[in-house]
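Listed below, chain by chain, are the residues.
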Amino acid sequence: FSSPSASKPELEPGVPEAEASMGTDRLILLGFLAFCALGSTSRRPRGQRPGGRAAMLRLGRIRDILELRGGWNSNFGGSSWGGGQQQQSSGSMFGMTSPESNKKVNPENDPECPNPPADGISDLKFSPNAPALAGKHYLAATSWDKSIRCWQVGAVPAEAGATTSPSGPKSVQIQQVGSQQSQAPILSCAWKDDGSGIVFGSADNTVKLWTLGTNQVRDIGRHNAPVCAVVWATVPQPCVITGSYDGTVKFWNPDAMGGQPIFNINIPGKVHALDAKGSMLVVVTSERKYLVYNLQNPSAPFKQIKSTLKSQLRTVGVSHDQMFYCLGAVEGRVGVEHVQDKDVSKNFAFKCHRKYPNGAAHPNNCEVYPVNHLSFHPLGTFGTVGADGTFSYWDKFAKSRLKRSQESSLPFTACGFSHDGRLFAYAASYDWHQGRAGVAKYPDKPAIMVRQTGNDARPKGAPTPAPTSPYRW
């Protein structure tokens, strides 16, 4: 860990400017989306980057995405929900047993979700603690293959004499229970607080609701550019909040008809990410800026700040106690920021998601990777995933890392804890941080893994919970 003020810039700012133009509206829109969401590259110290990567043009990379991903001109179809599409994980009833060829993607050998998306995985969200779900966990995933999928995930208690790992039993039962196909890549999703449906935002500018009981999808709103972030909020009333590259944040009642937002915020810049807990909303924008809103009065920001991190912000997470939030950047750093001015002295940043080819004894010769996503555990610890193909758990209060996974052959693009903190899901897929050059470097197929957290995500000094009790310490 290190203080932002004490950290010296290590990286070259920016990436090469575009020198080519795309001729159609569809190319321009996809280009805009790819640049805003996936255009940042991994960085190395000056002189260390291969010439091919340094010379990669932004719009050239976008053209590659279009060619390899094939556009978005399909219609809704092939949707499913319920018994007809339920699939038991192959290998055993407690989740997919990874084949030998997939151990490089899943080096932790965690149970995998059957039938994962075929393209980059953009978001993962566990279901809320809703009475209608009867204590069951469901996991939703969105993807660049224009699909949204849902699995039922259950942690299997250890039986007498069962083999357990240091982090607890690894057995997880996973069944796919539904899927929907959209007309464009789906970039983010959020569950309704009653667990009855999932709201998702797409690259065709639409916000849609998938009602699980009826397996129906309908539009609830629209932006003027791709919708890159979706969260559920309970303040000032139960609603879904969406952020878009059009520079707006909109509030929607998903049960209302008519497609009109109940509130709209104009943001000075493109929205890259957002998160909300309780009455706090944090919106990450371009130019390394972010805004903090009190949802009791969202008409004006409570704070508008330029981050002390040196590169573009990529992800944000608000703590459950709403006392602080974490910002992840493409420079392989996480910044921990507090809300109240009296706590500013507690702010700090730390390096993460880096590789040292010559060993840790040579810290100046490192490969730096984007922090793609972060998620908070109910106890205040949090997890991050990065383009280096690892996940880590962090204890902000002890300023220490609790766990670091083995390196995967694919970048990790999304992650999330279940509402009770017992399960952690993470997604492996190419995130285009190296443009077309990375397609050959990262040829493995996408995968979604789920693991029981056991004591790995427990804050230091907290007592070990009983095996059958919820997290209470």
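Refer to the preceding data block for the structure.
Residues numbered from 1 in each chain as written. Predicted model: local features only at pLDDT ≥ 70, side-chain atom pairs only at ≥ 80, totals over all residues. Heavy atoms only, no water.

Q: Teacher, can you tell me more about the pattern of salt bridges here?
A: Working definition: two side chains of opposite charge can pair if their charged atoms are close together. Inspection of the entire model under this criterion finds 18 salt bridges. Between glutamate 407 and lysine 355 there is a salt bridge whose closest N-O contact spans 3.6 Å. Here the residue glutamate 407 occupies a position in the loop between strand E28 (400–404) and strand E29 (412–417), and lysine 355 occupies one in strand E23 (residues 354–355), the gap between them amounting to 52 residues. Judged by its relative accessible area of 39%, glutamate 407 falls in the partly exposed class. Put simply, aspartate 456 and arginine 451 hold a salt bridge, and the shortest N to O gap is 3.7 Å. In this pair, the class of aspartate 456 matches that of arginine 451, namely buried. (Salt bridge = Lys/Arg side-chain N within 4 Å of Asp/Glu carboxyl O. Helix = DSSP H or I, 4+ residues; strand = E, 2+ residues; numbered from the N terminus. Buried < 20%, exposed > 50% of the residue type's maximum accessible area, 1.4 Å probe, protein only.)

Q: Is there a simple way to think about the sheet that holds strand E20 (residues 324–329) in this case?
A: The strands that make up a sheet are held in pairs by hydrogen bonds between backbone atoms, and each pair lies either parallel or antiparallel. Spatial strand order, E19-E20-E21-E22: 4 strands in an open sheet with antiparallel pairing. Lying at the two open borders of the sheet, with one neighbouring strand each, are strand E19 (313–318) and strand E22 (348–351). For this sheet, the mean angle separating the axes of adjacent strands, direction not counted, is 20°. Across 5 bridges, the pairing between E19 and E20 is antiparallel. By the bridge assignment, valine 316 is partnered in E20 with leucine 327. (Pairing = 2+ DSSP bridges. Axes fitted to C-alpha atoms, helices over the stretch in contact; angles between N-to-C directions.)

Q: When you look at the pairing of strand E16 (residues 280–285) in this model, what are you seeing that I'm missing?
A: Most of E16 is tucked away, with 6 of its 6 residues classed as buried. Two strands pair when backbone bridges link them, and strand E15 (residues 271–277) and E16 are joined in this way by 6 bridges, in the antiparallel orientation. Opposite alanine 276, over in E16, you have leucine 281 as the bridge partner. Hairpin remark: E16 followed by strand E17 (residues 289–294), antiparallel, with 3 residues in the connecting loop; positive phi at glutamate 287, about 60°.

Q: Which parts of the structure should I look at to understand unusual backbone geometry?
A: For residues other than glycine, phi is negative in most cases, and the peptide bonds are mostly trans. The peptide bond linking valine 235 to proline 236 adopts the cis configuration, its omega dihedral lying at 0°. With respect to the element layout, proline 236 can be found in the loop between strand E11 (227–233) and strand E12 (239–244). Residue lysine 146 is not a glycine yet carries a positive backbone phi of 75°. Note on placement: lysine 146 falls in the loop between strand E4 (137–143) and strand E5 (147–155). Positive phi is not limited to glycine here, since asparagine 215 has a value of about 60°. Turning to its location among the elements, asparagine 215 is positioned in the loop between strand E9 (206–211) and strand E10 (216–222). Given a relative accessible area of 17%, asparagine 215 falls into the buried group.

Q: Is there a simple way to think about the packing of aromatic side chains in this case?
A: Centre distance and the angle of the planes are the two values used to describe a pair of aromatic rings. With the rule as written, the count across this model stands at 19 aromatic pairs. When the centroid spacing of 5.3 Å and the interplanar angle of 20° are considered together, the rings of tyrosine 430 and tyrosine 442 count as stacked. Of this pair, tyrosine 430 sits in the loop between strand E30 (423–428) and helix H4 (437–441) while tyrosine 442 sits in the loop between H4 and strand E31 (447–452); the two residues are 12 residues apart in sequence, bridging distant segments of the chain. For the pair tyrosine 430 and tyrosine 442, one class covers both residues: buried. Linked through ring pairs, Phe324, Phe348, Phe350, Phe376, Phe382, Trp394 and Phe397 together constitute an aromatic cluster. A cation over an aromatic ring shows up here: lysine 396 above the ring of phenylalanine 324, its NZ or CZ 4.5 Å from the ring centre. The ring of phenylalanine 348 is capped by lysine 399, whose NZ or CZ atom sits 4.6 Å from the centre of that ring. (Phe/Tyr/Trp six-rings, centres within 6.5 Å; stacked < 30°, edge-to-face > 60°. Lys NZ or Arg CZ within 6 Å of the ring centre and 35° of its normal.)

Q: Just checking my understanding: could you explain the side chain of lysine 250 for this structure?
A: Assignment of secondary structure puts lysine 250 in strand E13 (residues 248–252). Aspartate 246 is the oppositely charged side chain nearest to the buried, salt-bridge-free lysine 250, at an N-O distance of 5.0 Å. Here the side chain of lysine 250 touches arginine 222 through a polar contact of 3.3 Å, landing on its backbone oxygen. Those residues in contact with lysine 250 that lie beyond four places of it in its chain are Arg222, His223, Val240, Ile241, Thr242, Pro261, Phe263 and Asn264. (Lys, Arg positive; Asp, Glu negative; His and termini not counted. Polar contact = N/O pair within 3.5 Å; in protein donor to acceptor, adjacent residues only side chain to side chain. Contact = heavy atoms within 4.5 Å.)

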